[in-house]
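Residue strings, one per chain:
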Amino acid sequence: MSSPRSKNPRSNNPMFRRLVRRLLFANRGRLFVILLALSAGAAVSAALLNLQTDAKHRLTTEFRSFGANILVLPKSSGTSSDGTMVAPAAAQLAPSLDPSLTIHSETLLYAIANANPAFSSHSLPVVVVGYSGVMPGSAPLDSLDPQQAQLNSNTEPVLCIAGQQVAARLNAKSRDRLSLHNSERHLDCALTDILRTGDAQDGQIFLSLSDVQKLANTPEKISIIQINASGNATQIEQYAAQLRQKLPDAEVRPLRQFSEAQAKIYSRISGLLTASTALILILTGLCVMAAMTNIAAERKHDVGMMKAIGGSARGILNLFLTEAALLGLAGGLIGAAAGIALSMALGKAVFGIAAAPRLIVYPISVTLTVIVAILGAYPLRRLANVRPATIFRGDA
Amino acid sequence: MTTQPLVSPSVSLAPAPQGQPQVLLENLVKEYGSLRALGGVSFNILPGEWIALMGPSGSGKTTLINILGGLDTATSGRIVVNGQDITRLNESELVRYRAERIGFVFQQFHLVPYLTALENVMLAQYFHSVTDESQAVEALKRVGLGDRLDHLPANLSGGEQQRVAIARALINQPKLILADEPTGNLDEANEEIVINIFRELHKSSHTILMVTHDVDIARNASRRIELTHGHLTMDTTCNFLEAPKLCPHGKPFPSSGCCTSLDSKPCEP
């Protein structure tokens, strides 16, 4: 009838694809149900994984902006009795043990001064803060253009920012000029902005560190260094120990409660999201398994026949597992994309900020869905072991 | 129905079976728990023979054909096919044996419902070695289904489905065709078509072992074997192309019209 064909597995690829396509579309209703289950599972697991990844990112970046996690203060038993200490060199603050640690430091000097608006004799005692860093919600003091103040003065004023409360008490507004007095020293400053923070800063006036040092006649002195170190609790503790060695006259105080709370929050969120993801994937696998059990019952005779005409268990299993993997891939690709979009909405609802799409989540979710689909095809794998004679006799 | 001949037109008669046995069964026993389906069956099959395997239901016919086809295993005994003892083959060797040596035709057709007629034939090629669509198309044309290539089994009649199954069984040029009541589910017209195909196959020297309950169909075979309760009770040889020979007492051989009885009680008085 025909000449014998030689064994060449590569030439069988078109038929393999043809068979898999037929298997996939043998029952479109069931195909839709399985795809729906896999897509839903992939969507929820991708959403949770994206939230988990995003939460970690947020906790290590955005929480850091809440403030310092290490304070460097003058020792209370130290030589200075005015609550100040000599400013350390920048090199002394550098994290020498762990170069991966990123730090941001702000140096402050507090002083008391009498303040009054220009052309007014009504003065009030206020806290002036010499600030070396960036004020919350404002540009760095050093970077402001003096022309912004549009001053009506013969002398060049320094720049300052006033808290909302103190500005109200002095009846001062942006671009006004303030006079500050401390003992015999005097300083004029141009008010560049009114600060509203809702805390103690609203009652303070902020100038550059060097200006306050001049006003208070405490050159080179500072009151506190606020350091924000990015890292876990152990890294921060190690860095604090390093600072204690380098700054023996200062008290280095890690704000442990914040670091530990940060770790605990992330740990709890991460655990919850991981458990939820696992649960969702297990449920998805069970759904797929239920559908595959139905398919296995339908294909029992087909498998018996395939084995009767020379199909090997492995060859038949390859067809079924490829079918399952393709279903998982399609469900994963659709579901994971939907899930990442879902996580952005969930992030908005939970954190008030839309979760950023983390690209690593997409391949992970798709891979997990493919694995779930293959594992869910377990009933089909059992089919490969059936004996044709048993099937044809109707005993199985 | 118009079918092309399955064999070369120059071959008009079945060659007389001769030479070494193609199949040798020795004391074949099959037990299902306490039930003995085959109780020590022995016979040979010569190349080119068409054997009608007969007997009442439960006599072990399908069990015998399943074991011979490598679908089931014997409890004891030996089956040698083309010099190879298939009772000693492991699972993967049995898979190759089924793919390369055996062509199955079932009463229930056993076509894959979501594959077209053409794909059902190509499926056997796929498991055997590589697919060749043109050969599969040719095979279907030869059984008169050239215009049904893309039909799903649900859209084919019983006779057409059985012809697809025959094309599938023959596509890999098997040495032995095992047919389990191939006309059992067919009407008279389709039965005739299918039997004609088997006649063609027999003419082209295919070895056929066909389970049947139908004496008329068995008459087409060159040899008839009967099983009763798992035992061989009759083994006769005949040539359906010749007129029935009479037994010595002048009566034809019961039912079959065959001429020579190989067992000890061939003729009725």
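Residues numbered from 1 in each chain as written. Chains lettered and ligands numbered in written order. Predicted model: local features only at pLDDT ≥ 70, side-chain atom pairs only at ≥ 80, totals over all residues. Heavy atoms only, no water.

Asks: Could you give an account of the overall build of chain A, with specific residues and numbers?
Replies: Per the secondary structure count, chain A includes 11 helices and 11 strands. The 396 residues of chain A split such that 45% are buried. Contacts in chain A between residues at least 24 apart in sequence constitute 79% of all its contacts with a sequence separation of at least 6. With the model as given, the accessible surface of chain A reaches about 19,900 Å², and the carbon-plus-sulfur share is 58%. (Helix = DSSP H or I, 4+ residues; strand = E, 2+ residues; numbered from the N terminus. Buried < 20%, exposed > 50% of the residue type's maximum accessible area, 1.4 Å probe, protein only. Contact = heavy atoms within 4.5 Å. Areas by Shrake-Rupley, 256 points an atom, 1.4 Å probe, with all protein chains shown as cover.)

Asks: Residue-level account of the pattern of salt bridges, with values.
Replies: Inspection of every chain in the model, using the stated rule, returns 24 salt bridges over all chains. The partner of B:E91 in a salt bridge is B:R98, and the shortest N-O contact between them spans 3.6 Å. Residue B:E91 is classed as partly exposed on the basis of its relative accessible area, which comes to 38%. A single salt-bridge network, built from bridges that share partners, covers A:R18, A:R22, B:E119 and B:E133. (Salt bridge = Lys/Arg side-chain N within 4 Å of Asp/Glu carboxyl O.)

Asks: Give me the lowdown on the interface of chain A and chain B, citing residues and values where you can.
Replies: Facing the 35 residues of chain A at the interface are 41 residues of chain B. Here chain A packs against chain B, burying approximately 3,600 Å² in sum over the two surfaces, 58% of which is carbon and sulfur. When the shortest N-O distance is used, the salt bridge between A:R18 and B:E119 registers 2.9 Å. The interface formed by chain A and chain B contains 8 residue pairs in polar contact (both at pLDDT 80 or more). Only α1 (13-24), α7 (256-308), α8 (313-351) and α11 (388-393) of chain A provide two or more residues apiece to the side of chain A that touches chain B. If you tally residues by element for the side of chain A that touches chain B, the top one is α7(A), at 7 residues. (Buried area = accessible area lost by both parts, 1.4 Å probe. Polar contact = N/O pair within 3.5 Å; in protein donor to acceptor, adjacent residues only side chain to side chain.)

Asks: Hey, could you go over the state of the cysteines for me, with residue numbers and the actual values?
Replies: All names here are of chain A. For the structure on display, the rule yields 1 disulfide over all chains. Covalently, C160 is tied to C189 through a disulfide, its sulfur atoms 2.2 Å apart. Taking the torsion about the sulfur-sulfur bond, which here is approximately 65°, the covalent link between C160 and C189 counts as right-handed. Separated by 29 residues along the polypeptide, C160 in strand β5 (residues 158-163) and C189 in strand β7 (residues 185-195) bring together distant segments of the chain. (Disulfide = S-S within 2.5 Å.)

Asks: Just give me the short version of the sheet that holds strand β4 (residues 76-81) of chain B, but keep the residues and values in it.
Replies: Residue and element names in this part refer to chain B. An order of β2-β1-β4-β5 is seen for the 4 strands of this open sheet, with the pairing classed as antiparallel. Edge positions in the sheet fall to β2 (35-45) and β5 (84-85), since each has one partner strand and no second. Pairing between strand β1 (residues 23-32) and β4: 5 bridges, direction antiparallel. Looking across to β4, one finds that L25 is bridged to I79. Contacts from helix α1 (residues 61-68) reach β1, β2 and β4, with the element oriented near 120° to β1. (Pairing = 2+ DSSP bridges. Axes fitted to C-alpha atoms, helices over the stretch in contact; angles between N-to-C directions.)

Asks: Which residues make up the packing of aromatic side chains, and what values do they have?
Replies: Counted according to the given criterion, the structure contains 5 aromatic pairs over all chains. Considering the side-chain rings of B:F104 and B:F106, the 5.3 Å spacing of their centres and the 10° angle between planes classify their relative orientation as stacked. Exposure class is identical for B:F104 and B:F106. Each is buried. Ring centres 5.3 Å apart and planes at 65° place the aromatic pair B:Y126 and B:F127 in the edge-to-face group. Here B:Y126 and B:F127 have matching classes, each one buried. Following the ring pairs from residue to residue traces out a cluster consisting of A:F392, B:F104 and B:F106. (Phe/Tyr/Trp six-rings, centres within 6.5 Å; stacked < 30°, edge-to-face > 60°.)

Asks: Explain a nonpolar patch on the surface to me, using residue names and the numbers behind them.
Replies: Side chains of A:L279, A:I282, A:L283 and A:L286 sit close together on the surface and give an oily, nonpolar patch of about 400 Å² of accessible area. In this fold, A:L286 is placed in helix α7. (Patch = residues over 30% accessible without salt bridge, like charges linked within 9 Å, V, L, I, M, F, W, Y side chains within 5 Å.)

Asks: Please give an account of helix α3 (residues 117-128) of chain B that cites residues and values.
Replies: With 12 residues, α3(B) ought to run about 16 Å at 1.5 Å a step, and its terminal C-alpha atoms sit 18 Å apart, in line with that. The element α3(B) is largely enclosed, with a buried count of 12 among its 12 residues. (Expected span 1.5 Å × (residues − 1).)

Asks: I'd like to hear about the pairing of β1(B), residue by residue, with values.
Replies: Residue and element names in this part refer to chain B. Taken together, the 8 bridges between β1 and β2 define a ladder with antiparallel strand orientation. The partner of L25 across the bridge, within β2, is F43. In textbook terms, the turn of a hairpin is the stretch between consecutive antiparallel strands, and for β1 and β2 this stretch comprises 2 residues, one of which, G33, has a positive phi near 65°.

Everything listed is a geometric property; what it means functionally is a separate question.
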